[in-house]
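Here is what each chain is made of, one letter per residue.
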Amino acid sequence: MLKVVLVDDEPNVRQGIKMMIPWDELEMTVAGEGEDGDDGLNQILMINPDIVIADIKMPGRTGIQMLEAAMKSGFNGKAVILSGYSDFTYAKEAISLGVKQFILKPVDEDELISCLKGLKEEIEADRLNVMQIQKGSEYISEQTIRGLLLGDMSMTDSESLSAYDSFGSFCVSLISCAGNITGIEKSVMLDMIKKNLATLDNVDVITVDLSGMIAVIFKDWEFENVKQYMNGMCRDYSGRVFITIGRFVNSKDEISASYCSAEELYDKKFLYLHCGVISYDDAMESGRTSATAADGMSKQLFTFMEINDIARIESSFEEFRESLAKNGSTPEKIKVICITTVLDVKNFIVKSVGEKKAEQFCDEQIIGQIGAMNSLYDIINFMKNEFIEVSNNFYGRTTKSTMERVVQYIRANYSQELRLEMLANIFGYNSAYLGKVFHQYTGDNFNNYLDGIRIAEAKRLLAMDEYKVYEVAEKVGYTNINYFHNKFKKYVGISPLNYKKMCRGETVSDSDDENDEE
């Protein structure tokens, strides 16, 4: 359908034209209306119609001034001028702009229909002519470019290919859409990008797949210039494009290698989408940096959540992202790792605050959103924000001193393996310094303080008479039953088994066998 814009300051004239013309039969549609020259210009620039029907004389900007401004801005459609007998001076100006169609007011229906049919034939002839010219010159060029990208010289034209011999370096870049973009918007955007690239010197452009992805061959461009241009494009399109830049090569025979390296980066879009633009050199540089293994990340994350250390939570997630980006897994496998991490942290939270309170941690919702995301960076940011919120809600933005937080952590984790060196690492202290400050704060050294908490809990569990001695030892953090026995007797004065019997009102004896299963 050809698009038509009507511009006239008289609403009745516009309405009459819309009613009298069989637009569907002419395969045309009225795509917009303007009530004066300024409004009409805005409609033309926004719609880019095939035909404009405009009154020659309007308040403010005249129809001629409107068309002149539109043509300077790139409008190259057809125009029909509506004029009166007294408007011959204006008509001469219209002729100078190439306008050949004039309709006298009041508008005659048959005359306007005949005029529009003639314009339709002109437009179709123009389009056919352009298509034939393009196919004659571009088909060989596209075949040659495609052959260079694929490394298939049988697809190239020798004459076209000889033009590449004068260049000393080449680089292939791939441009694709990012985000939720509709089919029409996507097609228009990529077509506009392709046209803009075609105006650059020493650049060849081609669409390489059905999704509309564009391949660009830069010839004798400096790396920084390519990167600068592509970064500018990414900014201009507000992150709606994802661009990869392949490695630079020194001969036309290696162009396919540059294309392959750009394609490889595109295949890793899940890892690099947040960059907007990623080059082969940048990817290689980031690949040389070390990353912390993802194993044990759940416990580390929960530890920092439990002490509400936001900075350490953020840095842990950055380590997590780097390790996932380097483990060579598929996006699906990485999502599984992230979901497993969420579930593991949920388990730690349940043990810490209880199952009822932990229901506030909406792990099912988090898991669903992780599964729907197409960027590792977005997943990690999402998880980070959720975990920080949980840390703030469950463990509070505390104004407590560091030593209060250390003591709180010990009381919450006494059943786990705890050493002063571990606490020093968690809270960011030198272990010797932490030991000194801890003693000043509690009046006791770390090991004695920890033993005191464990033995007090052991006494409580033994008095309940629900667990055997070795089970109590494990529950309070002692993995060696003999070590537990010695510690308990040191602090309480009697053995764990005798203490258990005493709580039951039974007679105790020093000869009781501590290896008894009771």
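In what follows, the structure referred to is the one given above.
None of these values were measured; they are calculated from a predicted model.

### A word on helix H2 (residues 37–47)
Here is step 1 of the chain: Where H2 is concerned, the buried positions are Gly37, Gly40, Leu41, Gln43, Ile44 and Ile47. Projection of H2 onto a plane perpendicular to its axis shows the buried side chains occupying an angular sector of 165°, all on one side.
Here is step 2 of the chain: For H2, the secondary structure elements touched by its buried residues are strand E1 (2–7), strand E2 (28–34), strand E3 (51–55) and helix H3 (63–72).
Here is step 3 of the chain: Looking at where H2 begins, the residue whose side-chain oxygen comes 3.1 Å from the main-chain nitrogen of Asp38 is Asp36.
Here is step 4 of the chain: Immediately beyond the C-terminal end of H2, within one or two residues, lies Asn48, with a positive phi of roughly 50°.

### Re a nonpolar patch on the surface
Here is step 1 of the chain: A cluster of nonpolar side chains, namely Ile184, Val188 and Met192, defines an oily patch on the protein surface of about 320 Å² accessible area.
Here is step 2 of the chain: With respect to the helices, strands and loops of the structure, Val188 is situated in helix H7 (residues 183–198).

### A word on a negative patch on the surface
Here is step 1 of the chain: A cluster of acidic residues, Asp108, Glu109, Asp110 and Glu111, forms a negative patch on the protein surface.
Here is step 2 of the chain: As for its position among the elements, Asp110 is in helix H5 (residues 109–150).
Here is step 3 of the chain: On the basis of relative accessibility, which here comes to 57%, the residue Asp110 falls in the exposed class.

### Comments concerning the pattern of salt bridges
Two side chains with opposite charge may pair up if their charged atoms get near one another.
Here is step 1 of the chain: Summed over the entire model, instances satisfying the criterion amount to 22 salt bridges.
Here is step 2 of the chain: With its nearest N and O atoms 4.0 Å apart, the salt bridge here joins Lys105 to Glu10. You can see Lys105 sitting in the loop between strand E5 (101–104) and H5 and its partner Glu10 sitting in the loop between E1 and helix H1 (11–20), a full 95 residues away along the chain.
Here is step 3 of the chain: Among the residues examined, Lys105 registers a relative accessible area of 26% and is labelled partly exposed.
Here is step 4 of the chain: Between Arg419 and Glu417 there is a salt bridge, with its nearest N and O atoms 2.5 Å apart.
Here is step 5 of the chain: Residue classification places Arg419 among the partly exposed positions, given a relative accessible area of 39%.
Here is step 6 of the chain: Judged by relative accessible area, Glu417 falls into the exposed class, the value being 56%.

Rules behind the numbers
Residues numbered from 1 in each chain as written. Predicted model: local features only at pLDDT ≥ 70, side-chain atom pairs only at ≥ 80, totals over all residues. Heavy atoms only, no water. Buried < 20%, exposed > 50% of the residue type's maximum accessible area, 1.4 Å probe, protein only. Helix = DSSP H or I, 4+ residues; strand = E, 2+ residues; numbered from the N terminus. Arc of directions from axis to C-beta. Contact = heavy atoms within 4.5 Å. Polar contact = N/O pair within 3.5 Å; in protein donor to acceptor, adjacent residues only side chain to side chain. Patch = residues over 30% accessible without salt bridge, like charges linked within 9 Å, V, L, I, M, F, W, Y side chains within 5 Å. Areas by Shrake-Rupley, 256 points an atom, 1.4 Å probe, with all protein chains shown as cover. Salt bridge = Lys/Arg side-chain N within 4 Å of Asp/Glu carboxyl O. Lys, Arg positive; Asp, Glu negative; His and termini not counted. Charge placed at Lys NZ, Arg CZ, Asp CG, Glu CD.

So yeah, pure geometry; function would need other evidence.
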